[in-house]
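Chain by chain, the residues:
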Amino acid sequence: MKEQGILAYFRTEEQANKAAEELKRRGVENVQVDRFSVFPSTEERDLDNPIAEPISSLAQNVMDAYISSPDAGVLAAAHPSASGMADGSRITDEDVLVTAVVDESRLEEMRALLASMGARL
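Remember, it's a predicted structure, so these values are computed and weren't measured experimentally. For every chain, the first residue of its written sequence is number 1, and the numbers climb from 1 along that sequence. Given that the model is predicted, a residue must reach a pLDDT of at least 70 before its local features are reported, and side-chain atom pairs must reach 80 or more before they are shown or counted; all residues, however, enter totals for whole chains, interfaces and linings. Only heavy atoms go into the side-chain values, all of them from the structure, while hydrogens and water stay out.

Trainee: Can you explain the pattern of salt bridges? Please cite residues and give values.
Mentor: We count a salt bridge whenever a side-chain nitrogen from Lys or Arg sits within 4 Å of a carboxyl oxygen from Asp or Glu. In this structure the tally under the stated criterion is seven salt bridges. Between Arg35 and Glu13 there is a salt bridge whose closest N-O contact spans 3.1 Å. Of this pair, Arg35 sits in strand E2 (residues 30-35) while Glu13 sits in helix H1 (residues 13-25), and the two are 22 residues apart along the sequence. The partly exposed category is assigned to Glu13, whose relative accessible area is 40%. One salt bridge in this structure joins Glu22 and Arg25, with 2.7 Å as the shortest N-O distance. With a gap of three residues between them, Glu22 and Arg25 both fall in helix H1, about one helical turn apart. Overall, Arg25 belongs to the exposed group, its relative accessible area being 61%. Secondary structure elements follow DSSP: runs of H or I of four or more residues count as helices, runs of E of two or more count as strands, with numbering from the N terminus. Buried, partly exposed and exposed residues are distinguished by accessible area as a fraction of the type maximum, computed with a 1.4 Å probe on protein chains only: under 20%, between the cut-offs, and over 50%, respectively.

Here it is as structure tokens:
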């Protein structure tokens, strides 16, 4: 039995979790849901006092991005997810990934299912 991996990107965790549950319901055993970011982050920072612990960039404050230098801070803050758009709306990235390992004979069926549930494959 040959297996193949599928990477499906979603905009919300709710969509991704529904898709993962549906895959499991249809017999796919290896399914995983993960969130990722284009910006590195660290859990070690504690920004509860912005005077004693000044932020280095708008992206650090808004998106919890780890900023390694002033130049990186300027570049990251220019991203629409940090700065917003002129009309005040925010871009919702496809930052939730559903990874599944399926039998090759069911690959197209599962890809079609994920696409119908809003995934970008």
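Right, picking up where we left off after that structure.
Trainee: Residue-level account of the sheet that holds strand E1 (residues 3-10), with values.
Mentor: Think of it this way: DSSP has to see at least two bridges between two strands before they count as a pair. Pairing is antiparallel across the open sheet formed by three strands, whose spatial order is E1-E3-E2. Two strands lie at the open edges of the sheet, namely E1 and E2, each paired on one side alone. Across the sheet, the mean angle separating the axes of adjacent strands is 15° when strand polarity is ignored. Strand direction decides the pairing type here: E1 and strand E3 (residues 96-103), joined by eight bridges, are antiparallel. The residue bridging Gln4 from the neighbouring strand is Val102, located in E3. Sheet contacts for H1: E1, E2 and E3; angle to E2, the most-contacted strand, approximately 175°. Packed on one face of the sheet, helix H5 (residues 107-116) meets E1 and E3 and runs near 5° to E1. Lines fitted to C-alpha atoms define the axes, with helix axes restricted to the stretch in contact, and inter-axis angles between N-to-C directions lie between 0 and 180 degrees. Contacts: residue pairs with any heavy atoms within 4.5 Å of one another.

Trainee: Pulling in residues and values, what's your account of the packing of aromatic side chains?
Mentor: Note on aromatic contacts: the rings of Phe and Tyr and the six-membered ring of Trp form a pair at centre separations within 6.5 Å, being stacked when their planes are under 30 degrees apart, edge-to-face when over 60 apart, and tilted otherwise. All told, the structure shown has zero aromatic pairs when counted by the stated rule. The ring centre of Tyr9 lies 4.9 Å from the NZ or CZ of Arg120, which sits over that ring. Whether a charge lies above a ring is judged from NZ of Lys or CZ of Arg, which has to be within 6 Å of the ring centre and within 35 degrees of the ring normal.

Trainee: So, the nonpolar core: which residues are in play, and what are the values?
Mentor: Grouped burial of nonpolar side chains is what soluble globular proteins tend to show. Counting residues in hydrophobic clusters, the biggest one holds 18 residues, and the most contacted among them are Phe10, Leu23 and Leu114. Within the residue set of this core, elements represented by two or more residues are E1, H1, E3 and H5. Once you skip the residues sitting within four places of it in the chain, Leu114 turns out to touch Ile6, Ala8, Phe10, Ala19, Leu23, Ala119 and Leu121. Only buried Ala, Val, Leu, Ile, Met, Phe, Trp, Tyr and Cys residues count toward a nonpolar core, and they belong to the same one when joined by side-chain atoms within 4.5 Å.

Trainee: Break down helix H3 (residues 70-77) for me, with residues and values.
Mentor: Those residues of H3 not exposed but buried are Gly73, Ala76 and Ala77. End-on, the buried residues of H3 take up no more than an arc of 95°, which puts them together on one face. Summarising the geometry of H3, the exposed residues directed more than 90 degrees from the buried face are Asp71, Val74 and Leu75. Directions pointing from the helix axis toward each C-beta atom define the arc.

Trainee: Tell me about the packing of H1 against H5, residues and numbers included.
Mentor: Interaxial distance between H1 and H5 falls to 10 Å at its minimum, and their mutual angle equals 150°. Relative to H5, the element H1 is oriented roughly antiparallel. Considering how the two elements wind past one another, H1 and H5 form a crossing that is right-handed. Of H5, the residues touching H1 (which contributes Ala19, Glu22 and Leu23) are Met110, Leu113 and Leu114. Each residue gets one label: Ala, Val, Leu, Ile, Met, Phe, Trp, Tyr, Cys and Pro are nonpolar, Asp, Glu, Lys and Arg are charged, and the others, such as Gly, are polar. Within the contact of H1 with H5, the residues separate by chemical class into five nonpolar, no polar and one charged. We call two directions roughly parallel when the angle between them is under 35 degrees, roughly antiparallel when it is over 145, roughly perpendicular when it lies between 65 and 115, and oblique otherwise. Two helices that cross are described as forming a left-handed crossing if the nearer one is turned anticlockwise from the farther one by less than a right angle, and a right-handed crossing if clockwise.

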